[in-house]
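# Structural overview for review
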Amino acid sequence: MTTPNGTTPLNGRIAFLDFLFCWPPKGGADVDVYSVMTGLHRRGCQVKLFVPAFAGCPGRGEVEADVLSFPVEIVPVPRKRQQLPALAEQLQKALDGWRPDIVIVCHGYLLKTALIPMLKAKTLISRIYANEIFCLKDAFHYKDGAPCPLYLHKEPELCRKCAAEHLETQVKKGLWDPWTHEYIITRGWDSSFGTAHRNALDRLDSIIVYNESIKGALSPWDSKVTVIPGGITAEPVVSASAHPEKQGQGMRVLMAGRVEDPLKGLAVLEEACCALRRKGYAFEVQVTHYDPFFGRPELKATGWLSHGETLALYRNAHIAVVPSLWEEAFGLVAVEAMAAGVPVCASRTGGLQEIIEEGKTGFLFKPGDSAALADVLEKLLQDPELRKRMGDAAQQRALEEYAWDKVIEKHYIPLLKGFLP
Amino acid sequence: MKKRFAVLYSLAPHFRRSLLALREEEPDSHITLLLPPGFPQEVVEGCCDEILALAPASSQRRSLKHAWRLIRYLRRERFDCFIVFFNSPALWLLTQCSGARECAYFSQRGARCPMSMSFLRSVYALVGKRIRGRYMYYKIKWDIYRHPFSDTSRAADRKEQDGDS
């Protein structure tokens, strides 16, 4: 059975519990939560977002409910109740008042681990957005210039020690970012945290992850792990793909996203560009760095851009580069570039290696290897036919596999139907 | 008579968005943007009527000389409104010295809010945070001292692997 607009209807009450974001979403994992909720709501499912608002933590849990298409319940958490039992009690009370069939725990860091065993729900699902499930110190799971080989569920003691050392300065200064704040609320340094973490994973009915390598790392819970990729809202990206302006212009290479983060690998791109310029190639490199002064001879920074402005950048780009050093869980910028018909050169890591089909929709190279990046860039710079062929194939793949409607129909509906009465 | 605004640049994400909103809100007023020298002007195209290279660049160390130059200019021009992008103690002090009739800041959501700062409260908040941080740090140290790190998980894993092989 389908609805008039061709989507599968879904009946049930699904609560989304988000510990981290401000609403409406601004980009990244919060857009993921928003798109899934909107998609399910359109299919007749009753969805509600529960957001704890922590007193004294600006930039977290701020909600403009009137601009959202689904209902939101804000759970105020005053300073004196920012302890686990009190917080769990308050959230449980809010959830009991709505009686959902499924509770999906969305973005949060260590709070997810600590609260999941305390929540009573018919079905409890957790969505993992990065590597927050593997690490006690941050969501990147990256240490000493490489992805960290340790996993919190396997080596809780070593992770406990690493996090205590890593977060020491942050805690001491009293300037607590969301991760440190959650580390303190959940007592992440406690010797029992590793057991609590395993209990949380045991308690969950289903775990949704972005890629196969995260699934592989959660092998003890393999039967309940489902890989569901992120998605894109197809219409604005596709409209950005008509690129008449590209004709007759100089070549443009684009690196979009939070490029100021060293783990995104901007330095690798810079090195590769220097090598290509030495060989005599002329092209412009645009990076979405927030500081317009960042521009180096090789790079041109754009300053802060809205999502719409970034999509316009894809329109004028000939090649997109995603040289991430850490294991990107998904790689939204790669999919957005693909949807705009731009071939992508990306690191062979995390979710990126599942998004890019080597030699068909783009090229993959070893993370951090600027010579390998220069090689694949050279191939694309030299050959307009190859760029066109790869761009078309990339666009087709992005729209077929990663448009939100397709992701919800193909992955979320079958999974959730299995848990609904 | 045209209302005259002076806006001090920032690298905040809401800089351009708020500037465009101000232009829309006050289409007839005169907006002077205070930027560092060499700032790419295409970033602020259509947002202002005049650009002055008076602010220090993000890579430059802020000095009293920069502040003095800025204040001297602002006081000479006597703007109707001087706008910054954060409600911080340093910017509050700058706005108070600017001689403008109205001082405001853009909140992260892009709303124009009057500058409000209690010096004592900001000092208290800063000191309070430090004390709270130190207290928490020693509490964590004490807990770790009572339950020191062990290498048991790795040892257990190795045993398991040995058993398998």
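Residues numbered from 1 in each chain as written. Chains lettered and ligands numbered in written order. Predicted model: local features only at pLDDT ≥ 70, side-chain atom pairs only at ≥ 80, totals over all residues. Heavy atoms only, no water.

### Some details on the overall build of chain B
Note the following rule: The helix count covers DSSP runs of H or I at least four residues long, the strand count covers runs of E at least two residues long, and both are numbered beginning at the N terminus. Relative accessibility thresholds used throughout: buried, under 20% of the residue-type maximum; exposed, over 50%; partly exposed, between the two (1.4 Å probe, protein chains only). The contact definition used throughout considers only heavy atoms, calling two residues in contact when any of these lie within 4.5 Å. Working definition of accessibility: Shrake-Rupley area with a 1.4 Å probe, residue cover restricted to the visible protein chains.
Tallying secondary structure elements over chain B gives five helices and six strands in all. Starting at the N terminus and walking to the C terminus, you meet the elements of chain B as β-α-β-β-α-β-α-β-β-α-α. Here chain B holds 165 residues, and the buried ones make up 39% of them. For chain B, contacts bridging at least 24 residues in sequence account for 51% of all contacts bridging at least 6. A total accessible area of about 10,400 Å² is found for chain B, and carbon and sulfur atoms account for 56% of it.

### Focus on the sheet that holds strand E12 (residues 300–301) of chain A
Residue and element names in this part refer to chain A. Rules: The criterion for strand pairing is that DSSP finds at least two bridges linking the strands in question. In this description, a line fitted to the C-alpha atoms serves as the axis of each element, helices being fitted only across the stretch in contact, and the angle between N-to-C directions of two axes falls anywhere from 0 to 180 degrees.
In space, the six strands of this open sheet follow the order E12-E11-E10-E13-E14-E15, with parallel pairing throughout. A strand with exactly one partner marks an edge of an open sheet, and here the two such strands are E12 and strand E15 (362–365). Inspection of the sheet shows strand E10 (residues 252–255) paired to strand E11 (residues 284–287) by four bridges, in the parallel sense. For Arg 252, the partnering residue across the bridge sits in E11 and is Glu 284. Most of the contacts of helix H10 (residues 266–278) go to E11, to which it runs at about 170°, and overall it touches E10, E11 and strand E13 (319–322).

### Comments concerning the side chain of Thr 186 of chain A
Residues and elements named next belong to chain A. Our working definition: Any N or O atom pair separated by 3.5 Å or less is treated as a polar contact, with the protein-specific requirement of one donor-capable and one acceptor-capable atom, and with residues adjacent in sequence counted only for side-chain atom pairs.
Within the secondary structure, Thr 186 is located in the loop between helix H6 (178–185) and helix H7 (193–203). There is a polar contact of 2.5 Å between the side chain of Thr 186 and the backbone oxygen of Glu 182. Ignoring any residue separated from it by four or fewer positions in sequence, one finds Thr 186 in contact with Leu 84, Leu 110, Leu 111, Ala 114 and Phe 193.

### Re the packing of helix H12 (residues 332–339) of chain A against helix H15 (residues 384–401) of chain A
Residues and elements named next belong to chain A. Here is the rule we go by: Crossings are assigned a handedness: left-handed for a near helix turned anticlockwise from the far helix by less than a right angle, right-handed for a clockwise turn. We call Asp, Glu, Lys and Arg charged. Ala, Val, Leu, Ile, Met, Phe, Trp, Tyr, Cys and Pro are nonpolar, and the rest, Gly among them, are polar.
Between H12 and H15, the least distance of the axes is 7 Å, while the angle of their chain directions is 115°. For H12 against H15, the interelement crossing comes out left-handed. Contacts between H12 and H15 pair Val 335, Met 338 and Ala 339 from the former with Gly 391, Ala 394, Gln 395, Arg 397, Ala 398 and Leu 399 from the latter. A per-class count over the contact of H12 with H15 returns six nonpolar, two polar and one charged.

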